[in-house]
Amino acid sequence: MTIPTVRQRERWLRPLRVQDVPRLRLVCFPHAGGAAGFFRTWGARLPVGVELYGVQYPGRQDRVREAYAEGVDELAEPMAEVLESMGEVPLALFGHSMGAAVAHETARRLESVLGRPQAGLIVSGRPAPDRLRPSAVHLGGEPALLEDLRRLGGTSDEVLDDPAMRALILPTLAADYRLIETYRPSDTAPIRTPVCACVSDADPEVDPEEAAAWEYHTRGPFQLRVFPGDHFYLVPQEDELVEQILLFCGLPGRWPSTP
């Protein structure tokens, strides 16, 4: 790997909570159409010593002038390089939906370079790699994207009904849908990093059985956690999800946080 510059790290990672003496670094990969700031509220729920970073994909917000990634590899490769360069603080990767695939591929690359598993990979709202459902929403244009957004929830009708807002969000969504719907893992060997699969009980994208199949994609410990809710259960269930991540990584949940 090449050594990323500070500027390259700043492009890919948004520091949402930095600690003087970090015990764990939690790096969060957002869903299709999402950005690093989606996880900004998590910092108040973390104990002393746990850092929080959000991944910022190209083509959105302060990276709006950059071309969208065309494949998961274009996201996972630079992310692995950036994280590998940040030192030996134990690392946990969380990804929701599309972000779960990117986090998984990043974990695989980190294992290859560092020669060791990470503290944990938490995959949310996504079937295991051998249980992927065929989907081609991106081929249907704006009507198909809008229909799918309404099916999944997480985006208000006020936003979807506003032409200006649609013009702002749909190009990013179209690019992300194309990326994740055409993604096929090139390596399906189990990783060594422990995996926790999180899913809701009413997610139209993945059911608990499909999430449980992540067990066969790690040689380390595995846990399955089912939450109430839909595809975006992680918003109303934020407290419980963050506690689950901490416990899975060996830290007590619900610690008092620093201001």
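Everything discussed here concerns the structure shown above.
Scoring rules and cut-offs
Residues numbered from 1 in each chain as written. Predicted model: local features only at pLDDT ≥ 70, side-chain atom pairs only at ≥ 80, totals over all residues. Heavy atoms only, no water. Salt bridge = Lys/Arg side-chain N within 4 Å of Asp/Glu carboxyl O. Helix = DSSP H or I, 4+ residues; strand = E, 2+ residues; numbered from the N terminus. Buried < 20%, exposed > 50% of the residue type's maximum accessible area, 1.4 Å probe, protein only. Axes fitted to C-alpha atoms, helices over the stretch in contact; angles between N-to-C directions. Parallel < 35°, antiparallel > 145°, perpendicular 65-115°, else oblique. Left-handed = near helix turned anticlockwise from the far one by under 90°. Contact = heavy atoms within 4.5 Å. Nonpolar A, V, L, I, M, F, W, Y, C, P; charged D, E, K, R; others polar. Pairing = 2+ DSSP bridges. 1 Å grid on protein atoms, 1.4 Å probe; cavity = no way out; pocket = protein on both sides within 12 Å on 5 of 7 lines; lining within 4 Å. Points joined across faces, edges and corners; volume = space filled by probe spheres on them. Right-handed = clockwise from strand over helix to strand, strands pointing away. Expected span 1.5 Å × (residues − 1). Phe/Tyr/Trp six-rings, centres within 6.5 Å; stacked < 30°, edge-to-face > 60°. Lys NZ or Arg CZ within 6 Å of the ring centre and 35° of its normal.

Novice: Explain the pattern of salt bridges here, please?
Specialist: Pairs can form between side chains of opposite charge whenever their charged atoms are close. Scanning all chains against the criterion turns up 17 salt bridges. In this structure, Glu51 engages Arg25 in a salt bridge whose closest nitrogen and oxygen atoms are separated by 3.0 Å. Here Arg25 lies in strand 2 (residues 24–29) and Glu51 lies in strand 3 (residues 50–55), a separation of 26 residues in the sequence. The buried category is assigned to Glu51, whose relative accessible area is 3%. Overlapping salt bridges, with partners in common, bring together Asp73, Glu77, Glu105 and Arg109 in one network.

Novice: Just to check I follow, could you spell out the packing of helix 2 (residues 73–84) against helix 3 (residues 98–114) for this structure?
Specialist: What describes two packed helices is the angle between their axes and the distance between those same axes. Packing of helix 2 against helix 3 brings their axes to within 8 Å, and their N-to-C directions diverge by 45°. Accordingly, the angle class assigned to the pair helix 2 and helix 3 is oblique. Between helix 2 and helix 3 lies a crossing whose hand is right-handed. Packed against helix 2, whose contacting residues are Asp73, Leu75, Ala76, Glu77, Met79, Ala80, Leu83 and Glu84, the element helix 3 presents Val102, Glu105, Thr106, Arg109, Leu110, Val113 and Leu114 at the interface. Across the contact of helix 2 with helix 3, the residue classes break down as 9 nonpolar, 1 polar and 5 charged.

Novice: Any chance you could explain the pairing of strand 2 here in plain terms?
Specialist: When a strand is regular, its side chains alternate between the sheet's two faces. The buried fraction of strand 2 amounts to 6 of the 6 residues, a majority that puts the element mostly inside the structure. Residue alternation in strand 2 divides its side chains into two sets, Leu24, Leu26 and Cys28 and Arg25, Val27 and Phe29, and both sets are buried. Sheet topology note: the strand 2/strand 3 ladder contains 5 bridges and is parallel. Within strand 3, the position partnered with Leu26 by the bridge is Leu52. Two elements, strand 2 and strand 4 (residues 91–96), share 5 bridges in a ladder whose sense is parallel.

Novice: I tried to follow the layout of surface pockets on my own but got confused; where do I start?
Specialist: Empty space left among the atoms is revealed by rolling a probe the size of a water molecule over them. By volume, the largest pocket amounts to about 1,300 Å³. Those elements that provide at least two residues to the lining of the largest pocket are helix 4 (141–152) and helix 6 (163–181). For the lining of the largest pocket, the element with the highest residue contribution is helix 6, accounting for 8 residues. Residue composition of the lining of the largest pocket, grouped by class: 24 nonpolar, 16 polar and 10 charged.

Novice: Please clarify how the pairing of strand 5 (residues 120–124) should be interpreted in this entry.
Specialist: Of all 5 residues in strand 5, 5 are buried, a share of seventy percent or more. Neither face of strand 5 is open: one carries Gly120, Ile122 and Ser124, the other Leu121 and Val123, and all of them are buried. One ladder, built from 5 bridges, connects strand 4 with strand 5; its direction is parallel. By the bridge assignment for strand 5, His96 is matched with Ser124. Where the polypeptide runs from strand 4 across helix 3 and back to strand 5, its parallel neighbour, the crossover connection is right-handed.

Novice: I would appreciate a short explanation of the environment of Glu51 in the present structure.
Specialist: Expressed as a C-alpha distance, the spacing of Glu51 and Ala69, which sit 18 residues apart in the sequence, is 27 Å. Leaving out residues up to four positions away in the same chain, Glu51 has contacts with Arg17, Val18, Gln19, Pro22, Leu24, Arg25, Leu26 and Leu46.

Novice: When you look at the side chain of Arg108 in this model, what are you seeing that I'm missing?
Specialist: Examined against the element boundaries, Arg108 turns out to sit in helix 3. The exposure class of Arg108 is buried, given its relative accessible area of 13%. For Arg108, the residues in contact, after removing those within four places along its chain, are Asp187, Thr188, Ala189 and Ile191.

Novice: Explain helix 2 here, please?
Specialist: Along an α-helix, residues three or four apart share an orientation, since each turn contains 3.6 residues. With 12 residues, helix 2 extends 16 Å between its outermost C-alpha atoms, agreeing within 8% with the 16 Å of an ideal straight helix rising 1.5 Å per residue. Of the residues making up helix 2, those classed as buried are Leu75, Ala76, Pro78, Met79, Ala80, Val82 and Leu83.

Novice: Is there a simple way to explain the packing of aromatic side chains in this structure?
Specialist: This structure, assessed with the given rule, holds 5 aromatic pairs. Their ring planes at 85° and their centres at 5.1 Å tell us that Phe39 and Trp42 sit as a pair that is edge-to-face. When its relative accessible area of 0% is taken as the criterion, Phe39 is described as buried. By way of ring pairs, the aromatic residues Phe38, Phe39, Trp42 and Phe94 are connected into one cluster. Positioned over the ring face of Trp12 is Arg63, at 4.2 Å from the centre of the ring.

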